[in-house]
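# Architecture at a glance
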Amino acid sequence: MNVKEYLKENRLLFDGSMGTYFTSLHPYCKENVELVSLTHPNWIKEIHENYIKAGSNAIKTNTFCCNRTYISDETVLSDCISTSYDLASQYPAYVFCDIGPVSSEWKSYEEYKWVVDQFLNKGAQYFLFETLSNPIGLNEISSYIKSKNKEAYIICSFSIQSDGYTKEGIHIQDIISSLNKDKIDAIGLNCGCGVHHMHEILKEIGSFIQFISPNAGYPTVVNNRTQYQLDPDYFATEMISMMQKGIKMAGGCCGIMPSHIQALYNKIKQTSLIQSDFKNKKNIVKNSELSESDFFKKLKNHQKVIAVELDPPSNWDLSKFMKGAWQLKEYVDALTIADCPIGRARMDASLLACKVKQECKLDVLPHMTCRDRNLNATKALLLADYAQGIRDVLLITGDPIPSSEKDEVKTVYQHNSRKLTSYITSLEQKGLMSHFNLFGALNINAVNFDIQLKLAKEKIQNGMVGLFTQPVLSKEALYNLKRAREELDVYIMGGIIPVVSYRNAIFMENEINGIHVCDQIIDLYKDLDRMQSETQAIKISGTIMKEIEDYVDGFYLMTPFGRSELMVKIIDFYKQL
């Protein structure tokens, strides 16, 4: 009887975690667990047998990491998949080909197809794509499998956090909406959270889910070893309460041992699983009644706003920074604060923005990079920013950590600015966060500006309302700025950075990514002293502001070396033109 027929009157009880159970049995084995199918097949057979003895009637092949990302030798990889499938197929249970996520989002279908073909060559019929964080390639690979075997049964299962989002910031409801239900037989949840939080998520989107496989709670570290301490009876009780709502396929992920499956099996035998479907709750979109910033109100009213950027100090001394903020207060509409520029540690931009907002009563746009913090940390920081009155944020991917520091400082790039924008927009739409006006960056000095326009359109589509450009210091930058005005339906803040010396011009041209200083401007600074260079900087910057004013909604001035008094002089010069 195939799985579809079986599920009409029965439920499938899957096994638990191959990886954590294997580690508990063989703690000193350092070999990749998937490769153990080739080197110690009896160890893998023992695990299958113990789960089946515990009550599982569906087991997963030992192939979660069997793809070319983790095993580069295709011959070894093919042998591993084939052997693992044969080992699992020896037992009286439905065998699901276990396929984990692949790393390259642009080639997901090709990577999935390579793995799937190995299984199809073995006559495989049941497939479980699990622990996924995005839906890329799943519709295509499901259609491919069905074209090869019409009787195939496909489960796509996603790893989500307790708030319903994957690690890439995509909400499970948005993923479900994107999947082709005609080709994908079942949608599931696995990993990411324990039984309680998975139950809470199912109360929101339960009727769409047919497969659940939670973790054994949350891990703790004991004697440098990761352990799960979930009680089997508690696991079984919580699982039964979900299965009574119509879930027909259940198992376990990280930390779930045969004892947990045994407890669930016993509980199923003792309990009447009367179906009482989950009732999906509608998304509640909360319209924030809190006021917008004066800066954004002026943008909406077509006033030519001015924002000036200050870099945070690299030590604890705030005196120069705060002096600059007070000095600029009467001249600008907002202060933007960089987030560890050039990948070097400085005072936190958001905390500093809150201080400026409270003390100077000046609107602020803290930069928020995708480097150094994951989605949880980003969400937590945004909630605190909002509580302190910040309404506008500038999202950028962020410069990488300097190579000389990579041994000591680990770079976190869980997402880019486009994905982060989509994540924050989704939080707002689902009522989990109040509204921010999200801004991004536009590199008008890029050699291939077509790519920048494409990325900008994706940012806008994901929820950005405005773009801050790199500085205009060449004819090419001015031309690209005009193109941006024509092609992008968004607020544009034109970038201005004063060149303060000949040496400064040479440095920016050669060492600062995203800045291009044309030769004509560089030549104007030759043989000038400091005062002459400052006068030249004021004249050039103010003239550029005048030249671009018809193509921008405001100006974005970047302060060199904390010289806030120079920015005041530039603003005054521009207003007199």
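Report follows, based on the coordinates. (Residues numbered from 1 in each chain as written. Predicted model: local features only at pLDDT ≥ 70, side-chain atom pairs only at ≥ 80, totals over all residues. Heavy atoms only, no water.)

Moving on, we get to helix H7 (residues 138-148). Among the residues of H7, those classed as buried are Leu138, Ile141, Ser142, Tyr144, Ile145 and Lys146. Where H7 is buried, its residues contact helix H1 (3-9), helix H6 (108-120), strand E4 (126-132) and strand E5 (153-158). (Buried < 20%, exposed > 50% of the residue type's maximum accessible area, 1.4 Å probe, protein only. Helix = DSSP H or I, 4+ residues; strand = E, 2+ residues; numbered from the N terminus. Contact = heavy atoms within 4.5 Å.)

What follows covers the nonpolar core. Counting residues in hydrophobic clusters, the biggest one holds 93 residues, and the most contacted among them are Phe295 and Leu557. Discounting chain neighbours no more than four positions away, the residues touching leucine 557 are Ile306, Ala307, Val308, Glu309, Ile496, Met545, Met567, Ile570 and Ile571. Leu13, Cys66, Ile176 and Leu264 belong to the second-largest nonpolar core, a separate cluster that totals 75 residues. (Core = buried A, V, L, I, M, F, W, Y, C linked by side-chain atoms within 4.5 Å.)

Spatially, the eight strands close up into a barrel ordered E11-E12-E13-E14-E15-E16-E17-E18, and their pairing is parallel. The average angle at which neighbouring strand axes cross in this sheet is 25°, direction not considered. Helix H13 (residues 319-328) contacts strand E11 (305-310) and strand E12 (334-337) of the sheet and is inclined by roughly 170° relative to E11. Helix H21 (residues 530-548) rests against strand E17 (491-496) and strand E18 (554-558) of the sheet, and its axis sits at about 155° to E17. (Pairing = 2+ DSSP bridges. Axes fitted to C-alpha atoms, helices over the stretch in contact; angles between N-to-C directions.)

A few words on the pairing of strand E16 (residues 466-471). With respect to burial, E16 is a largely interior element, five of its six residues being buried. As paired elements, strand E15 (residues 437-442) and E16 share four bridges and run parallel to each other. From the neighbouring strand, glycine 440 faces E16, where its bridge partner is leucine 467. The handedness of the E15 to E16 crossover, carried by helix H17 (residues 449-462), is right-handed. When E16 meets E17, the two strands line up parallel, connected through four bridges. Residue leucine 467 lies in a different strand from E17, and its bridge partner there is isoleucine 492. For the crossover that starts at E16, traverses helix H18 (residues 475-487) and ends in the parallel E17, the hand is right-handed. (Right-handed = clockwise from strand over helix to strand, strands pointing away.)

In this fold, asparagine 462 is placed in helix H17. A sequence separation of 41 residues divides asparagine 462 from threonine 421, and the C-alpha atoms of the two residues are 5.9 Å apart. In this structure asparagine 462 touches Arg418, Thr421, Ser422 and Thr425, once residues within four positions along its chain are discounted.

Let us look at the sheet that holds strand E1 (residues 12-13). Taken together, eight strands build an open sheet; the order of strands is E1-E10-E7-E6-E5-E4-E3-E2 and the sheet is parallel. Of all the strands in the sheet, the pair left with one neighbour each is E1 and strand E2 (58-60). In the sheet, E4 pairs with E5 via five bridges, with the strands oriented parallel. Across the sheet, the residue bridging to tyrosine 126 is tyrosine 153, located in E5. The strands that H7 touches are E4 and E5; relative to E5, the one it contacts most, it runs at about 165°.

Geometric descriptors of this kind do not, in isolation, establish any biological role.
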